[in-house]
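Each chain, written out:
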Amino acid sequence: MRFKKQKRHRKTVRFFSVNFGFRQPFKVLCDGTFVHHLLHNDLTPADKALTNCLSAPVMLFTTSCVLAELKKLGAAQSASFQAARKLAVARCDHEKKVSADACIEEVIGENNLEHFFVATQDADLRKKLQKVPNVPLIFGLRNALFLEKQSKFQDDFVKSSEEKRLHLTEKEFKALEKRITSVSANVDEEDSVDEEGLGHHNPGLQPHNTRNYSGKERDVKDRVRFKRKRAKGPNPLSVKKKKSHENPNRASGKEVKGDDGNAEGKRKRKRSRKGKTLAGTDGAVQ
């Protein structure tokens, strides 16, 4: 049961939020009867109880006329008066205090510009406010709070406003009709100028026929041609350079010679001949 009630409350809150622009935290305007009901059924703190009802943060308001009415009731409603004094006071601009229901009706007005939720136990006041398009109503029943479903008048108002958005207003229709006539008149003038003045200004000019030309010879391409993507080489800056295994002296074209005139790093090969002797100065064999 509680789940169904919360689901119904969320649906009603979404109705007023989408169609009339109610935003969190929601502002709740409370009268004296509702404050008394909260205290009598121990629904305190009030902001927490209303937050659970609307599933959203709330701000509680009252009016100076409501406070004056509770004060007149004397000691019987002293607790309600002290509790109502802690709420924020909405501006009502009444120099002479009026009844609470009349004050709330005037604060709400015809459009409820402040986007108030009205919390009251007065059934007659709720019936009057049901005829205002964008006023959600809250009431208490024993130890539970309920958000009243939108009335038939409020549903019909939303449907009619949606239909009006789909159709043009009389002012918009006249502006559109004027625009269409001016555009059609300009088109007729251009067509007449083209038919009468084309040969006079350019006697040899004829319309360009593209039916006898191939697609390549036309100025306008028949098909959209996309640039073909080809494989690209690696980034030259990220490629590691190859190491040369050659002698750096050779690569530079220079050779370093040693003391004997040979190139550095080369050994002189010596050949030894076998079976032959060397003759001395005296002709003896050594």
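Bear in mind that the values here come from a model prediction, so they are computed numbers and not experimental data. Every chain is numbered independently, its residues counted from 1 as its sequence is written. Two thresholds apply to this predicted model, a pLDDT of at least 70 for residue-level local features and 80 or more for giving and counting side-chain atom pairs, whereas whole-chain, interface and lining totals are computed over all residues. With hydrogens and water set aside, each side-chain value is computed from the structure's full complement of heavy atoms.

A. Representation of the packing of aromatic side chains within the structure. Pairing of aromatic side chains requires ring centres within 6.5 Å, counting the rings of Phe and Tyr and the six-membered ring of Trp. Pairs whose planes differ by under 30 degrees are stacked, by over 60 edge-to-face, and all others tilted. Counting across every chain of the model gives 9 aromatic pairs. The interplanar angle of 80 degrees and the centroid separation of 5.4 Å between the aromatic rings of Phe 22 and Phe 117 together place this pair among those described as edge-to-face. Taken together, the residues Phe 22 in the loop between α1 (2–20) and β1 (26–30) and Phe 117 in strand β4 (residues 116–119) connect sequence positions 95 residues apart. Exposure is judged per residue with a 1.4 Å probe applied to protein chains only, and the accessible area is read against the type maximum: over 50% gives exposed, under 20% gives buried, and values in between give partly exposed. The class for Phe 117 is buried, based on a relative accessible area of 1%. Ring geometry for Phe 26 and Phe 117: centres 5.1 Å apart, planes at 50 degrees, overall tilted. Taken as a pair, Phe 26 in strand β1 and Phe 117 in strand β4 lie far apart in primary sequence, 91 residues in all. A relative accessible area of 2% means that Phe 26 is categorised as buried. Each residue in the set Phe 15, Phe 16, Phe 20, Phe 22, Phe 26, Phe 117 and Phe 157 is aromatic and connected to the rest through ring pairs, giving one cluster. Throughout this description, the term charge over a ring refers to an Arg CZ or Lys NZ atom that lies within 6 Å of the ring centre and within 35 degrees of the ring normal. Geometry around Phe 116 places Lys 27 over its ring, the cationic atom sitting 5.3 Å from the centre. Note that Arg 126 overlies the ring of Phe 139, its terminal NZ or CZ placed 4.7 Å from the centroid. By the criteria applied, helices consist of DSSP H or I runs no shorter than four residues and strands consist of E runs no shorter than two, each listed in order from the N terminus.

B. A look at the packing of α1 against helix α8 (residues 152–166). It is at 12 Å that the axes of α1 and α8 come closest, and there the two elements cross at 35 degrees. As α1 packs across α8, the resulting crossing turns out to be left-handed. On α8, the residues that touch Phe 15, Phe 16, Asn 19 and Phe 20 of α1 are Gln 154, Asp 155, Phe 157, Val 158 and Glu 162. Residues of the contact of α1 with α8, tallied by class, amount to 5 nonpolar, 2 polar and 2 charged. Whenever a helix is involved, its axis is fitted only over the stretch in contact; in every case the axis is a line through C-alpha atoms, and angles between N-to-C directions fall within 0 to 180 degrees. Crossing handedness: left-handed means the near helix sits turned counterclockwise from the far one by under a right angle, and right-handed means the same turn made clockwise. In what follows, a contact means two residues having at least one pair of non-hydrogen atoms within 4.5 Å. Ten residue types, Ala, Val, Leu, Ile, Met, Phe, Trp, Tyr, Cys and Pro, are classed as nonpolar, four, Asp, Glu, Lys and Arg, as charged, and the remainder, Gly among them, as polar.

C. Representation of the nonpolar core within the structure. What makes a nonpolar core is a set of buried Ala, Val, Leu, Ile, Met, Phe, Trp, Tyr and Cys residues whose side-chain atoms join them at distances within 4.5 Å. Among the nonpolar cores identified, the biggest contains 27 residues, and Val 28, Leu 54 and Ile 138 are the most heavily contacted of them. Mapped by element, the contributors of at least two residues to this core are α1, β1, α2 (32–40), α3 (46–54), β2 (58–63), β4 and β6 (144–147). Of the residues forming this core, the biggest block, 5 residues, is contributed by α3. In contact with Leu 54, other than residues within four places in its own chain, are Val 13, Phe 26, Val 28, Phe 117, Ile 138 and Leu 147. Core analysis: the second largest hydrophobic core is formed by 16 residues, Phe 61, Cys 103, Ile 104 and Leu 129 among them.

D. Quick look at the pattern of salt bridges. For salt bridges, the criterion is a side-chain nitrogen of Lys or Arg within 4 Å of an Asp or Glu carboxyl oxygen. A complete count under the given rule lists 5 salt bridges for this structure. Notably, a salt bridge pairs Glu 148 with Arg 126, separated by 3.3 Å at the nearest N-O pair. Taken together, the positions of Glu 148 in the loop between β6 and α8 and Arg 126 in helix α7 (residues 123–129) put the pair 22 residues apart, joining distant regions of the chain. Exposure remark for Glu 148: the relative accessible area of 16% places this residue in the buried category.

E. Representation of the layout of surface pockets within the structure. Cavities and pockets are defined on a 1 Å grid built over the protein atoms alone: a cavity is a set of grid points where a 1.4 Å probe fits but cannot escape, while a pocket is an open set with protein on both sides within 12 Å along at least five of seven lines, and lining residues are those with an atom within 4 Å of any such point. Grid points are joined across faces, edges and corners, and a volume is the space filled by probe spheres set on the points. Approximately 320 Å³ is the volume found for the largest pocket. The wall of the largest pocket is formed by 14 residues, among which Lys 5, Ala 49, Asn 52, Asn 143 and Leu 145 lie closest to the centre. Put simply, the parts of the chain that give the lining of the largest pocket at least two residues each are α1, α3 and β6. For the lining of the largest pocket, a count of residues per class yields 6 nonpolar, 5 polar and 3 charged.

F. Summary view of the confidence of the model for the protein chain. You can read pLDDT as the predictor saying how much it trusts each residue, on a scale of 0 to 100. Here the protein chain averages 79 in pLDDT, and 72% of its residues register 70 or above. In this model, residues 199–208 is a region of pLDDT below 50 whose contacts with residues beyond four sequence positions or in other chains number 2 contacts.

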